[in-house]
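The chain contents come next:
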Amino acid sequence: MAMNTRKGFRFTTYEAPDQTPFEKLFEIFQELITHTSGDVEEALDWLRELDKEYELTDDDYTIDDFIEDLKAKGFIREEFDADGQQDNGEEDGEDGGNGNLSITAKLERMLRQRALDQIFGKLKRSGAGNHKTGKSGRGDEHTGEFREYRFGDSLEHISMTESLKNAQINHGIGNFSLSEEDLVVEDTQYKAQMSTVLMIDISHSMILYGEDRITPAKKVAMALAELITTRYPKDTLDILVFGNDAWPIPIKDLPYLKVGPYHTNTVAGLQLAMDMLRRKRNTNKQIFMITDGKPSCLRLPNGDYYKNSVGLDDYIVEKCYAMAQQARKLHIPITTFMIAQDPYLMQFVREFTKANKGKAFYTGLKGLGEMIFEDYEQNRRKRIK
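Residues numbered from 1 in each chain as written. Predicted model: local features only at pLDDT ≥ 70, side-chain atom pairs only at ≥ 80, totals over all residues. Heavy atoms only, no water.

Chemist: Where do I start with the overall build of the protein in this structure?
Modeler: Within the protein, the secondary structure is distributed over 10 helices and 15 strands. Counting across all 385 residues of the protein, residues that qualify as buried make up 44%. Counting only contacts in the protein whose residues sit at least 6 apart along the sequence, the fraction spanning at least 24 positions is 70%. (Helix = DSSP H or I, 4+ residues; strand = E, 2+ residues; numbered from the N terminus. Buried < 20%, exposed > 50% of the residue type's maximum accessible area, 1.4 Å probe, protein only. Contact = heavy atoms within 4.5 Å.)

Chemist: I tried to follow the packing of aromatic side chains on my own but got confused; where do I start?
Modeler: Here the distance between the centres and the angle between the planes together describe a pair of aromatic rings. For the coordinates displayed, the defined rule picks out 12 aromatic pairs. Ring centres 6.4 Å apart and planes at 15 degrees place the aromatic pair F22 and F75 in the stacked group. Separated by 53 residues along the polypeptide, F22 in helix α1 (residues 21-35) and F75 in the loop between α3 (63-72) and β3 (76-79) bring together distant segments of the chain. For the pair formed by F22 and F75, the shared burial category is buried. Taken together, a centroid distance of 5.1 Å and an interplanar angle of 5 degrees make the contact between F337 and F361 stacked. A residue pair is termed long-range when its members are at least 10 positions apart, and F337 in strand β14 (residues 334-338) and F361 in strand β15 (residues 359-362) qualify at 24 residues. Feature note: the residues F22, F26, F29, F66 and F75 constitute an aromatic cluster, connected by ring pairs. (Phe/Tyr/Trp six-rings, centres within 6.5 Å; stacked < 30°, edge-to-face > 60°.)

Chemist: Help me out: how do you make sense of the nonpolar core in this one?
Modeler: Side chains that are nonpolar tend, in soluble globular proteins, to be buried together. By size, the foremost hydrophobic cluster in this structure holds 56 residues, and its most contacted members are F29, F66, L198, I200, L224 and I290. By residue number, the principal contributor to this core is helix α6 (residues 214-231), which donates 10 residues. Apart from residues lying up to four places away in sequence, I200 is in contact with I214, A217, A221, I239, L240, V241, F242, L257 and I290. In this structure, L270, L272, M274 and M276 belong to the second largest nonpolar core, which totals 30 residues. (Core = buried A, V, L, I, M, F, W, Y, C linked by side-chain atoms within 4.5 Å.)

Chemist: Even after reading the chapter, I still don't get the packing of helix α7 (residues 266-278) against helix α8 (residues 314-329), so can you show me in this structure?
Modeler: The geometry of a pair of packed helices is captured by two quantities: the angle between their axes and the separation between those axes. One can describe the packing of α7 onto α8 by two numbers: an axis separation of 9 Å at closest approach and a directional angle of 15 degrees. Considered as vectors, α7 and α8 are oriented roughly parallel to each other. Viewed along their axes, α7 and α8 form a crossing whose handedness is left-handed. Contacts between α7 and α8 involve T266, V267, L270, Q271, M274 and R278 from the first element and K319, C320, M323, Q326 and A327 from the second. (Axes fitted to C-alpha atoms, helices over the stretch in contact; angles between N-to-C directions. Parallel < 35°, antiparallel > 145°, perpendicular 65-115°, else oblique. Left-handed = near helix turned anticlockwise from the far one by under 90°.)

Chemist: I would appreciate a short explanation of the pattern of salt bridges in the present structure.
Modeler: Close approach of charged atoms lets side chains of opposite charge pair. Counting across every chain of the model gives 17 salt bridges. Put simply, E31 and K219 hold a salt bridge, and the shortest N to O gap is 2.6 Å. With E31 in helix α1 and K219 in helix α6, this residue pair connects regions lying 188 residues apart in the sequence. Residue class for K219 comes out buried when judged on its relative accessible area of 14%. (Salt bridge = Lys/Arg side-chain N within 4 Å of Asp/Glu carboxyl O.)

Chemist: I keep staring at the sheet that holds strand β9 (residues 236-242) and nothing clicks. Help me out?
Modeler: What links the strands of a sheet is backbone hydrogen bonding, and the strands pair in either a parallel or an antiparallel sense. Spatially, 6 strands are ordered β10-β9-β8-β11-β14-β15 in an open sheet, and the strand pairing comes out mixed. The open sheet has two free edges, formed respectively by β10 (246-249) and β15, since each of these has just one partner strand. For this sheet, the mean inter-axis angle between neighbouring strands, taken without regard to orientation, is 20 degrees. Two elements, strand β11 (residues 284-291) and β14, share 5 bridges in a ladder whose sense is parallel. Paired with I290 across the bridge in β14 is F337. Packed on one face of the sheet, helix α10 (residues 368-379) meets β8 (194-201), β11, β14 and β15 and runs near 165 degrees to β11. (Pairing = 2+ DSSP bridges.)

Chemist: Could you clarify how one ought to interpret unusual backbone geometry in this entry?
Modeler: The general pattern is negative phi for most residues beyond glycine and trans for most peptide bonds. Phi is positive for S37, close to 55 degrees, though the residue is something other than glycine. Tracing the backbone shows S37 in the loop between α1 and α2 (40-54). For S37, a relative accessible area of 11% translates into the label buried. A positive phi angle, near 60 degrees, is found at H331, a position not held by glycine. By the element assignment, H331 lies in the loop between α8 and β14.

Chemist: Even after reading the chapter, I still don't get the side chain of S203, so can you show me in this structure?
Modeler: Mapped onto the elements, S203 comes out in the loop between β8 and α6. A relative accessible area of 1% means that S203 is categorised as buried. Here D201 takes part through its side chain, which lies 2.7 Å from a polar atom of the side chain of S203. If sequence neighbours within four positions are ignored, S203 has contacts with F242, V259, G260, Y262, H263, T264 and D292. (Polar contact = N/O pair within 3.5 Å; in protein donor to acceptor, adjacent residues only side chain to side chain.)

Chemist: Any chance you could explain empty space enclosed by the protein here in plain terms?
Modeler: Over the atoms, a rolled probe matching the size of one water molecule traces out where space is still vacant. Here the structure, examined in full by the defined rule, presents 2 cavities of 30 Å³ or more. The space that makes up the largest cavity amounts to roughly 50 Å³. Lining the largest cavity are T266, M289, T291, G293, T336, M338, F348, V349 and F352. Within the residue set of the lining of the largest cavity, elements represented by two or more residues are β11, β14 and α9 (343-356). The element contributing the most residues to the lining of the largest cavity is α9, with 3 residues. Counted by class, the lining of the largest cavity contains 5 nonpolar, 4 polar and no charged residues. Along its surface, the second largest cavity is lined by Q30, T34, L111, R114, A115, Q118, K219 and M222. Sorting the residues of the lining of the second largest cavity by element identifies α1, α4 (105-120) and α6 as the ones contributing at least two each. At 4 residues, α4 tops the list of elements feeding residues into the lining of the second largest cavity. (1 Å grid on protein atoms, 1.4 Å probe; cavity = no way out; pocket = protein on both sides within 12 Å on 5 of 7 lines; lining within 4 Å. Points joined across faces, edges and corners; volume = space filled by probe spheres on them. Nonpolar A, V, L, I, M, F, W, Y, C, P; charged D, E, K, R; others polar.)

Written as structure tokens, this is what we have:
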């Protein structure tokens, strides 16, 4: 222990905050349920294995007690079939009698909040819509800068403190008067709204090579969804996944996201993203794409799939470039987060980005969330076209 008597600083050994047995297990359970894509039974199986190895529980508080607390607190629920029986093919009371367990909307929301805290830090909430355009004028967000009053300026934007100070300087305190020349206005900026589509690659390569890439991507999506809905509620976020095809998913389904036995139809994902953004009224639009593999699939006009996993297929690649150019004409920048370091794939992303005049980040999984957050914040300052 050390003490600085001059400034009053006191240093002591760090002690972790007290946690109840439930809180300790709940932290681990939330991480496990994210990895198991919402499969409660699998997450509990993993928790039991961890308990055997690390002695997480004791006779006073067991895993069964934890499960009952999860139910009581509304984090998981027990599902039954149409006859009111437990929907797990077993009689009541067998195998613990837990039935078919699933997570609730309450836990779905908590997982998004947890992802936000993990990836972006504990951000302070602010009012609706904080997307600066960089243009001063009669807007709705204060810049902290002042200018002289001009005819037509709103009265509520007049800074009385600065104006009174000017009046005292210009006319003196003894013969106080306030004229139009003394008035000072606090400058403001318009807040732009942003529409974002987040594309997530769920092709089989996202779990190949001994690396789980889908879970970090899923966490980023949950965190971004929570950030936008709580801090920028006027903005919109749509999420789509792409494998052989592309389809939208609601935010509430993010914890359940899984990789499938798919190729990578990047063109289908971009087509759907642009269709979504065409329907948005916001001026500022953007696409974020998280992928780790090369485009390897297209759906032909007759409904057949054209697939080629060997190298970069010229036909598929050219279609991707054409989509990038189309998005550019629609003033939709594409930011690609490439979770791969293969030189030939990086070259493809460079050409793709050039065609769109967008941006690309060549990254591993570490820091992916921070990169997306920083880019989102940066793009908030886009000029309203």
